[in-house]
Protein chains: 2
Amino acid sequence: MVRQGEGGPVAVTLGDVARHAGVSLATASRVLNGSTRTVTGDLAAKVKASAETLGYLPNAPAQALARATGATLGVLLHDVADPYFGAIARGVGYAAAKAGLLSLVISTDGDPERELHAIRMLHAQRVRAIVLAGSAYSDPETGRRIDQALAAYRAQGGAVAAITDHGPAYDTVLPANRQGAAKLTRALLALGHRRIAVITGPERMRVAEERLGGVLDTLAAAGLAVPERWLQRAEFSRDGGRAAIGRILDAGAADERPTAVLALSDICAAGVLAELRDRGIGVPDQVSVAGFDDIPLATDLAPALSTVRLPLLRMGEEAVRLALTGQGNGGVRRVELAAEPVLRASTGPCGAGGPTPRCANP
Amino acid sequence: MVRQGEGGPVAVTLGDVARHAGVSLATASRVLNGSTRTVTGDLAAKVKASAETLGYLPNAPAQALARATGATLGVLLHDVADPYFGAIARGVGYAAAKAGLLSLVISTDGDPERELHAIRMLHAQRVRAIVLAGSAYSDPETGRRIDQALAAYRAQGGAVAAITDHGPAYDTVLPANRQGAAKLTRALLALGHRRIAVITGPERMRVAEERLGGVLDTLAAAGLAVPERWLQRAEFSRDGGRAAIGRILDAGAADERPTAVLALSDICAAGVLAELRDRGIGVPDQVSVAGFDDIPLATDLAPALSTVRLPLLRMGEEAVRLALTGQGNGGVRRVELAAEPVLRASTGPCGAGGPTPRCANP
DNA sequence: ATGAAAGCGCTAACAC
DNA sequence: GTGTTAGCGCTTTCAT
């Protein structure tokens, strides 16, 4: 009942190598795939030579079956084509490669159902680890099912690590969203801005909430509050940002505008910049704009975007490290990664553009 | 000799489901994983119920071993974090998901050795297909070894598809690099530009050569040639573009400047724009700039970048389709995808900025 | 240090 | 339509 690659010659197996080298299957396995047991250098050489001449390539699924765990790992994210996730995927891939693993990347577009399905697929694949990079924001019901799926996976020896908070159950890499946001806010205050608008993400999105918290707390500490019309929620996308700034600008007269707009994601900020340009509003002269993440694009926007730098690649690498080391030993581990503001051309001192903007408290 | 997920309970197997449902292994297999054979609706329901209550999850490696082919596919590219490749990876992932496959993505940074190694890993995984998305430019020696590795993979039933030309051996998705470049060039000519500089990619990079060919031929047809100092090679990266435009500008006096610069990749063009801005050279007033690819970033640059739109997502999807359908039937298939110029704010009529630029033939 | 052999979980002949 | 059974290629115990 042997099926084989459609019409192709069947692959060279370990058995072939063993026979060719005149040793047992066990010995061949030991030399070709790291075992604790040791083999005479003499035989080892012979086996290697045979493998080489025969062009032996191990059958990974067979190994995975026998070892009960594969040489792969999975990453769950919203969209690989999004620069934020692309960079994380790269970091994960890099660390995976260093550990001899291949990485399966799955774009879920933030759809919890697809996320759930993806977890099951990865579990079925017996991946060594799952990295959660999409900022999960699901209804409690689906959230619970996702946690269950993950728990089942872990119960069978799988490792899970999260990037940004996905609940207390997982080892997680935490960029300093809150502190980064606070620092950026202080920088804006130092520039004299008092009339600050904020564009944040969907309500259930943890990263967004953290960042928003950092902003609002800092503002509060300075005795400031953000009027409701200047606090907009938007998808973390270009169009989301564009629409949000539109709402802010349309909410009041021209002299009732904020002097600074803080978009809690760079991709959003790009939309803000675009809309501002279309409306002929000068940045940073009439209004300062800042983002968050420091995706590569940030430098290339005009004006170059002030933002908070997140070590995206590093976040991916760190998550893999977390997942691959000492899982299940002590309690849950959390590694915090610093996030520093980077001030570029899109922000300037309040009132720089002339007498128009009022820099006082709204 | 049963090893199991570190300390965890062992997984529910098909056997468990069969026993629980009171049917044979074969029957359970047939209902749970599509077989041609049909099963009574009655039994089928029972099996499904058992699988559900037991929380059965198939063991993909075991299936792959038994079927001699896995439920995965691999994509080889330079760097997922690069917007061009990120979009392609997304398209591949999308099509893969539609076919019920998971996708392994590997960033090789264009290193032929790593590419070779990656192919072997993917082959070992028994992936169903390999998509070549990195524009291969290797020395002939490594190129040959890569072709061999791919041939071995195909000999065992693997499918290969390429995005952009990777040699005559593979089914390939061909964006109209040459025609797109030609059309863009004609658009520049129509704007009155005659003094055109070109920034292309590394010499061995096929895509770059195709695009360059399109530009040069079109120019030649108009009786124009690009002076050597205005034809620069650069890595397809931001810094590559930046350095290249620097060389062009430094090559002559200010009145010896090109009136238009054609960068054969958007990411390069972003660098060009940055350098121009730093030098205080107005775009498009003093010099027009255009790119190639139409990555999402292009719209967000200031001025928004004129470029050639490539259907990146579609390219990825199409490659998967190619790989997954009728491989090995007729000869090699090539699907051409249109590439249309998109004129935005970074290009303008020659001489628009005042009397300075000479729009005549250099 | 080496070999023989028993599975890992599943699929697909083949028989009924 | 359903069950029996022989592998798929590899790892790992167990004996030598």
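In this text, all values refer to a predicted model and were calculated from it rather than measured experimentally.

1. Considerations on the UniProt feature "domain: HTH lacI-type" (unreviewed entry) in chain A
Residues annotated in UniProt with the feature "domain: HTH lacI-type" (unreviewed entry) correspond here to residues 12-67 of chain A. In residues 12-67 of chain A, helix accounts for 68% and strand for 0%; the two terminal C-alpha atoms are 20 Å from one another.

2. Points about the protein's contact with DNA strand C
Not every one of the 30 residues close to DNA strand C is listed here, only the nearest: A:Thr27, A:Arg30, A:Thr40, B:Leu14 and B:Tyr56. When the atoms of DNA strand C within 4 Å of the protein are grouped by moiety, sugar and phosphate amount to 68% of the total. Taking A:Ser24, its main chain carries an N or O atom lying 3.0 Å from a phosphate oxygen of DNA strand C. Among the secondary structure elements, those contributing two or more residues to the surface near DNA strand C are helix H2 (25-32) and helix H4 (60-67) of chain A together with helix H2 (25-32) and helix H4 (60-67) of chain B. Of the residues assigned to the surface near DNA strand C, the class counts are 15 nonpolar, nine polar and six charged.

3. Observations concerning the side chain of B:Asn33
Along the chain, the position of B:Asn33 falls in the loop between H2 and helix H3 (41-54). The residues touching B:Asn33, leaving out its near neighbours within four places in the chain, are B:Gln63 and B:Arg67.

4. Structural notes on the pairing of strand E3 (residues 129-132) of chain A
Residues and elements named next belong to chain A. Residue alternation in E3 divides its side chains into two sets, Ala129 and Val131 and Ile130 and Leu132, and both sets are buried. Two elements, strand E1 (residues 72-77) and E3, share four bridges in a ladder whose sense is parallel. Across the sheet, Leu76 pairs through a bridge with Leu132, a residue of E3. Pairing analysis gives four bridges linking E3 to strand E4 (residues 159-163), with the strands arranged parallel. The residue of E4 that forms the bridge with Leu132 is Ala162.

5. Re the interface of chain B and chain A
Opposite the 55 residues of chain B that make contact, chain A presents 55 residues. Looking only at chain B, the three residues that lose the most surface to chain A are B:Arg90, B:Leu102 and B:Asp300, adding up to 15% of its buried area. Scanning the region where chain B abuts chain A turns up six salt bridges. Between B:Asp109 and A:Arg90 there is a salt bridge, with its nearest N and O atoms 2.5 Å apart. Our count for the chain B to chain A interface comes out at ten residue pairs in polar contact (both at pLDDT 80 or more). Every element with two or more residues in the side of chain B that touches chain A is listed here: H4, helix H5 (83-98), strand E2 (102-107), helix H6 (112-124), helix H11 (266-278) and helix H12 (297-300) of chain B. It is H4(B) that provides the largest number of residues to the side of chain B that touches chain A, a total of seven residues. For the side of chain B that touches chain A, the class distribution of residues is 29 nonpolar, 14 polar and twelve charged.

6. Details of the pattern of salt bridges
If charged atoms from side chains of opposite charge come close, those side chains can pair. Residue and element names in this part refer to chain B. Tallied over the entire structure, the rule returns 47 salt bridges over all chains. Asp171 is the partner of Arg333 in a salt bridge, and the nearest nitrogen-oxygen pair spans 2.6 Å. With Arg333 in the loop between helix H13 (312-324) and strand E11 (334-337) and Asp171 in strand E5 (residues 171-175), this pair connects stretches of sequence that are 162 residues apart. Residue Arg333 is classed as partly exposed on the basis of its relative accessible area, which comes to 26%. We classify Asp171 as buried; its relative accessible area is 6%.

7. With respect to H13(B)
Residue and element names in this part refer to chain B. Between its first and last C-alpha, H13 extends 19 Å over 13 residues, near the 18 Å set by a 1.5 Å rise per residue. Along H13, the positions that sit buried rather than exposed are Leu312, Met315, Gly316, Glu318, Ala319, Val320, Leu322 and Ala323. Packed against the buried residues of H13 are strand E1 (72-77), H5, strand E3 (129-132), strand E4 (159-163), E5 and E11. Positioned one or two residues after H13, Gly326 has a phi angle of 30°, which is positive.

8. Quick look at H4(B)
Within the sequence span of H4(B), burial applies to B:Ala60, B:Pro61 and B:Ala64. Taken end-on, H4(B) shows its buried residues confined to a sector of 100°, consistent with a single buried face. Packed against the buried residues of H4(B) are H4 and helix H6 (112-124) of chain A. Structurally, the start of H4(B) carries an N-cap: the backbone nitrogen of B:Ala62 is 3.0 Å from a side-chain oxygen of B:Asn59. A positive phi of about 65° marks B:Ala68, the residue just after H4(B).

9. A word on the relation of the copies chain B and chain A
Once turned by 180° and shifted 0.1 Å along the axis, chain B lies on chain A with an RMSD of 0.1 Å. Such a turn and shift between the copies fits a two-fold axis. When the interface residues of chain B are mapped onto chain A, 100% of them again fall at the interface, so both copies present the same face.

10. Points about the protein's contact with DNA strand D
Taken together, 29 residues form the shell around DNA strand D, and within it A:Leu14, A:Tyr56, B:Thr27, B:Arg30 and B:Thr40 come nearest. For DNA strand D, the fraction of atoms within 4 Å of the protein that belong to sugar or phosphate moieties is 65%. The separation between a phosphate oxygen of DNA strand D and a polar main-chain atom of A:Asn59 is 3.3 Å. Among the elements of the structure, H2 and H4 of chain A together with H2 and H4 of chain B are those that each provide at least two residues to the surface near DNA strand D. The residue makeup of the surface near DNA strand D, split by class, is 15 nonpolar, nine polar and five charged.

11. A look at unusual backbone geometry
Omega for the bond connecting A:Ala302 with A:Pro303 falls within 30 degrees of zero, at -5°, which places this linkage in the cis form. At the junction of B:Val283 and B:Pro284, the peptide bond is cis and its omega measures out at 5° in the coordinates. Position of B:Pro284 among the secondary structure elements: in the loop between H11 and strand E9 (288-290). Positive phi, normally seen in glycine, also occurs at A:Asp293, with a value near 125°. By the secondary structure assignment, A:Asp293 is in the loop between strand E9 (288-290) and helix H12 (297-300). According to the relative accessible area criterion, A:Asp293 is buried, its value standing at 5%. Backbone geometry places B:Asp294, a non-glycine residue, at a positive phi of 55°. When its relative accessible area of 14% is taken as the criterion, B:Asp294 is described as buried.

12. Re the sheet that holds E9(B)
Residue and element names in this part refer to chain B. An order of E7-E6-E8-E9 is seen for the four strands of this open sheet, with the pairing classed as parallel. Either end of the sheet is taken by a strand with one partner, and the two such strands are strand E7 (231-233) and E9. On average, each strand axis in the sheet is tilted by 15° relative to the strand beside it, whichever way the strands run. Note: strand E8 (residues 260-263) against E9, three bridges, orientation parallel.

13. Focus on the sheet that holds E9(A)
Residues and elements named next belong to chain A. Spatial strand order, E7-E6-E8-E9: four strands in an open sheet with parallel pairing. On the outer flanks of this sheet lie strand E7 (231-233) and E9, each paired with one strand and no other. Put simply, the sheet's adjacent strands are angled 15° from each other on average, direction ignored. With four bridges connecting them, strand E6 (residues 196-200) and strand E8 (residues 260-263) associate as parallel partners. For Ala197, the partnering residue across the bridge sits in E8 and is Val261. Taken strand by strand, helix H9 (residues 206-221) contacts E6, E7 and E8, and its axis lies near 165° from that of E6. Here helix H11 (residues 266-278) sits on the sheet and contacts E6, E8 and E9; the angle it forms with E9, its principal contact strand, is near 155°.

Each value, and the rule that gives it
Residues numbered from 1 in each chain as written. Chains lettered and ligands numbered in written order. Predicted model: local features only at pLDDT ≥ 70, side-chain atom pairs only at ≥ 80, totals over all residues. Heavy atoms only, no water. UniProt positions renumbered as here; feature names shortened; annotations may be inferred. Helix = DSSP H or I, 4+ residues; strand = E, 2+ residues; numbered from the N terminus. Near = heavy atom within 4 Å. Polar contact = N/O pair within 3.5 Å; in protein donor to acceptor, adjacent residues only side chain to side chain. Nonpolar A, V, L, I, M, F, W, Y, C, P; charged D, E, K, R; others polar. Contact = heavy atoms within 4.5 Å. Buried < 20%, exposed > 50% of the residue type's maximum accessible area, 1.4 Å probe, protein only. Pairing = 2+ DSSP bridges. Buried area = accessible area lost by both parts, 1.4 Å probe. Salt bridge = Lys/Arg side-chain N within 4 Å of Asp/Glu carboxyl O. Expected span 1.5 Å × (residues − 1). Arc of directions from axis to C-beta. Least-squares fit on C-alpha atoms with pLDDT ≥ 70 in both. Axes fitted to C-alpha atoms, helices over the stretch in contact; angles between N-to-C directions.

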